[in-house]
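Observations on the three-dimensional arrangement
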Amino acid sequence: MNLAAELKQRWGYDQFRPLQREAIEAVTSGQDSLVVLPTGGGKSLCYQLPAVLGKGVVLVVSPLIALMDDQVAAAREAGLEADALHSNLLSAQKSEAYRRLASGKTQILYVSPERLLVGDLCEDLAPRLLLAAVDEAHCVSHWGHEFRPEYRRLAEVLERVPKAVRMALTATATEAVRDDIAAQIPLRDPVRLVGHPDRPNLVYRAHPRRDQAAQVLEVVRRHPEEGGIVYAQTRKDVERLAEGLRKAGVSAAPYHAGLDAETRQRAQEGFVKERIDVVVATIAFGMGIDRSNVRYVVHANTPRSVEHYQQESGRAGRDGLPADCVLLFSAADLATHRWLAQKDGSLPPERQKALERQLREIGRFAVAPVCRHRLLTEHFGAPYQGTDCGACDVCLGETKSLSDADALVTAQKVLSAAWRTNGRFGAGYVVNVLMGKSDERMTRNGHDALQVFGLLKEAGEPAIRSWIDQLIVQGHLEVFDDGVYPLLRVTEAGKALCRGEGGVRLGVPMPPKKPGRRPKALKGRAAGAGDADEALFERLRRLRKMIADQLGAPPYLVFHDSALVEMAALKPKSLDAMRGVKGVGEKKLERFGAAFLAVINGAEPSGLLT
Ligand code: ADP
Ligand code: ZN
């Protein structure tokens, strides 16, 4: 059996991504496995490919019903006999799926955990079941960030099919979650295939938040007509930001749990089918979103943890092409997260400690003047090689570190301003003191007569704001909530620093450079082929959209952006030459090849050729 030949013929890929082959070989040698690969790492292939080997049926448990139909469609595009069973199917679809299953045609069956728990689907399948794959396996763990009770009951179902190999797959998992997954599913003496968590094609930037709407718009404007997601903390923020983008002429839709199911469905579908460019959403959005050419993810608020950040920002650039991830940080968001977590009563001490740790870590990620790829990678327990990632604001030279001596003096000035106004004012007020911006309240308090008044005026407001955040994250300042307003106060460590004890690191944010408008994704990506022809790429994209609309399918099911970029660079002149483009398998070549070839040869896009 030649795995590489199947990969080329059905999926059009020349090589396995890291650990894919190992995962597939675990199945063929009858061993359970735990597969941890970052988003976009190619997890689906690990269970799809075994389905074509003729050794039995592959069962895929997935929590995302909304996504299942797309997964089935994608598997069928690769020529697999795929079906799904879940509660949202029409009865005709359901009986068709059962009929195909009974006839022995089905190679891969997607089911929701709910569906698997009722009836005797498993018993029926038992004699022919090669593999039971559990996708999004972190849902089984309390330690993960998306616990689902039904996942806990998978063990009792799997017990009934002891001969089937088991594979658990997840994108983010710390050691504790990994152990938990192996114990809960349970996996029997599994190989652990843990990929490197870094996503080198994502460019991370974190900016201090000054003007949320304007900063969001700035990122969106850098990506005209490209797909992006904006995450905000509350429904109100979502509505406000979406409205602002629309007024600025951007095709944007809001998405949050307060909208009715139909509106949400429309936003989701519009986005996947590329009728809408931007979705502004609370974190409720995204689990079910499979659009591989999301070119940017903006966090208008600070996410709750590094795990959340990894997961949410990870929805960008699944096609492997460059994508931007921008985080607008404010320490006030951390206080909001704390408040939200505690609003229904105080947390048990253990949860409280975990929460504080998570908030500290995401804060550190956002403000520490350290390579952000390195911080993320190390957070997930992997070593990071190299010193310059070339893909974060720190390494790109968009931030600057102060020397140790300057950092100490600057920190002392900020702390002293907070100390003088101790405990009674928020960050904004302290910034005004240091900027020397007086108003009626400040005069009344006599704070415009303080020695620190106007002391950091030269540095400018964004820098001072960021320093306050950096000092919070490093534990020299803390934000506490008096029930009305988040107030700033100096901690014991902060007081010690004022006496010259201990050290501190500070960076200065630099004003963002104005990058060009040309989509970066096009540059130099096609292996050795030079830059893609941008005009041709746009025409191929138009053709893809036409075909997708004709088929009522999302465009990425026709071809991924990466395949179009490569066509626009290589300009294949025959169907045979088209086989050389990554992502062009035999089935797609047969269905779409001629239409794309015609456009490459100069024809105007007009949909599928008949
Ligand atoms: P995950 O589920 O891990 O987020 P997917 O299975 O959705 O990732 O795969 C992400 C993208 O990578 C898809 O567009 C897929 O077609 C592509 N891909 C998967 N395996 C390979 C490979 N061996 N070579 C090139 N592209 C691949
Ligand atoms: Zn870096």
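Source: prediction; values computed, not measured.

Mapped onto the secondary structure, Gly258 falls in the loop between strand E10 (252–255) and helix H13 (261–272). With 23 residues separating them in the primary sequence, Gly258 and Arg235 have C-alpha atoms 7.4 Å apart.

This next bit is on the sheet that holds strand E3 (residues 82–85). With parallel pairing, the 7 strands of this open sheet are ordered in space as E3-E4-E2-E5-E6-E1-E7. Lying at the two open borders of the sheet, with one neighbouring strand each, are E3 and strand E7 (191–194). Mean inter-strand twist for the sheet, computed between neighbouring axes without regard to direction, equals 20 degrees. Bridge count for strand E1 (residues 33–36) against E7 is 4 bridges, and the pairing is parallel. Paired with Ser33 across the bridge in E7 is Val191. Where helix H2 (residues 20–28) meets the sheet, it contacts E1, strand E5 (129–134), strand E6 (165–170) and E7, and its direction lies at approximately 155 degrees from that of E6. In the packing of helix H10 (residues 175–184) onto the sheet, the strands contacted are E1, E6 and E7, and the crossing angle to E7 comes to about 145 degrees.

Here we come to the nonpolar core. Trp467, Ile468 and Leu477 are the most contacted members of the largest nonpolar core, which totals 72 residues. For this core, the element with the highest residue contribution is helix H21 (residues 461–473), accounting for 7 residues. Residue contributions to this core reach at least three from each of two domains, namely domain 2 (202–398) and domain 3 (400–509).

A separate point is the coordination of the zinc ion (ligand 2). Protein-derived ligands of the zinc ion (ligand 2) are Cys371 (SG), Cys389 (SG), Cys392 (SG) and Cys395 (SG), with the metal-ligand distances lying across 2.3 to 2.4 Å. In this structure, the zinc ion (ligand 2) is coordinated by 4 donor atoms arranged in tetrahedral fashion, with angles at the metal of 105 to 119 degrees. Overall, the relative accessible area of 0% leaves Cys392 in the buried class.

The next point concerns the side chain of Arg372. Here Arg372 is to be found in helix H17 (residues 372–379). On the basis of relative accessibility, which here comes to 3%, the residue Arg372 falls in the buried class. Once you skip the residues sitting within four places of it in the chain, Arg372 turns out to touch Tyr204, Arg205, Ala206, Phe365, Ala366, Val367, Cys392, Asp393, Val394 and Thr399.

Looking now at the packing of aromatic side chains. The final tally for this structure, using the stated rule, is 7 aromatic pairs. On the basis of an interplanar angle of 50 degrees and a centroid distance of 6.3 Å, the ring pair of Tyr204 and Tyr309 is categorised as tilted. Separated by 105 residues along the polypeptide, Tyr204 in strand E8 (residues 202–208) and Tyr309 in helix H14 (residues 306–313) bring together distant segments of the chain. The two residues Tyr204 and Tyr309 agree in class, both being buried. Between Phe559 and Phe596, the ring centres sit 5.0 Å apart and the planes meet at 80 degrees, which makes this aromatic pair edge-to-face. With Phe559 in the loop between helix H23 (534–551) and helix H24 (561–570) and Phe596 in helix H26 (residues 586–600), this residue pair connects regions lying 37 residues apart in the sequence. An identical accessibility class is assigned to Phe559 and Phe596; each is buried. By way of ring pairs, the aromatic residues Tyr204, Tyr309 and Phe365 are connected into one cluster. The side chain of Arg291 reaches across the aromatic face of Phe271, ending 4.7 Å from its centre.

Another aspect to go through is the site of ligand 1. Taken together, 14 residues sit near ligand 1, with Tyr13, Gln15, Gly40, Lys43 and Ser44 positioned nearest. Gln15 is positioned such that a nitrogen or oxygen atom in its backbone is 2.8 Å from a nitrogen atom of ligand 1. Measuring from an oxygen atom of ligand 1, one finds a side-chain N or O atom of Arg318 at 2.9 Å. Contact with the protein chains removes 84% of the 570 Å² of surface that ligand 1 exposes when unbound. Its residues assigned to classes, the shell around ligand 1 shows 3 nonpolar, 8 polar and 3 charged.

Before going further, it helps to spend a moment on the domain arrangement of the protein chain. Structurally, the protein chain comprises domain 1 (3–194), domain 2 (202–398), domain 3 (400–509) and domain 4 (534–600). Here the C-alpha centre of domain 2 lies 28 Å away from the C-alpha centre of domain 1. The interface of domain 1 with domain 2 comprises 12 residues on the first partner and 13 residues on the second. Carbon and sulfur atoms supply 59% of the area buried between domain 1 and domain 2, which totals about 1,300 Å² over both sides. Counting across the domain 1 and domain 2 interface gives 0 salt bridges. If you look at where domain 1 meets domain 2, you find 0 residue pairs in polar contact (both at pLDDT 80 or more).

Before going further, it helps to spend a moment on the pattern of salt bridges. All told, the structure shown has 46 salt bridges when counted by the stated rule. With a closest N to O distance of 3.4 Å, Arg21 and Glu25 form a salt bridge. Here the residue Arg21 and the residue Glu25 both occupy positions in helix H2, the gap between them amounting to 4 residues, near one helical turn. Where salt bridges share partners, they join Glu274, Arg291, Arg295, Asp319, Arg544 and Asp561 into one cluster.

Cut-offs applied
- Residues numbered from 1 in each chain as written.
- Chains lettered and ligands numbered in written order.
- Predicted model: local features only at pLDDT ≥ 70, side-chain atom pairs only at ≥ 80, totals over all residues.
- Heavy atoms only, no water.
- Helix = DSSP H or I, 4+ residues; strand = E, 2+ residues; numbered from the N terminus.
- Pairing = 2+ DSSP bridges.
- Axes fitted to C-alpha atoms, helices over the stretch in contact; angles between N-to-C directions.
- Contact = heavy atoms within 4.5 Å.
- Core = buried A, V, L, I, M, F, W, Y, C linked by side-chain atoms within 4.5 Å.
- Buried < 20%, exposed > 50% of the residue type's maximum accessible area, 1.4 Å probe, protein only.
- Domains from an automatic or database assignment.
- Donors = N, O, S within 2.8 Å, 3.2 Å for Na, K, Ca; no water.
- Tetrahedral: all angles 85-135°; square planar, octahedral: opposite > 155°, others 65-115°.
- Phe/Tyr/Trp six-rings, centres within 6.5 Å; stacked < 30°, edge-to-face > 60°.
- Lys NZ or Arg CZ within 6 Å of the ring centre and 35° of its normal.
- Near = heavy atom within 4 Å.
- Polar contact = N/O pair within 3.5 Å; in protein donor to acceptor, adjacent residues only side chain to side chain.
- Areas by Shrake-Rupley, 256 points an atom, 1.4 Å probe, with all protein chains shown as cover.
- Nonpolar A, V, L, I, M, F, W, Y, C, P; charged D, E, K, R; others polar.
- Buried area = accessible area lost by both parts, 1.4 Å probe.
- Salt bridge = Lys/Arg side-chain N within 4 Å of Asp/Glu carboxyl O.

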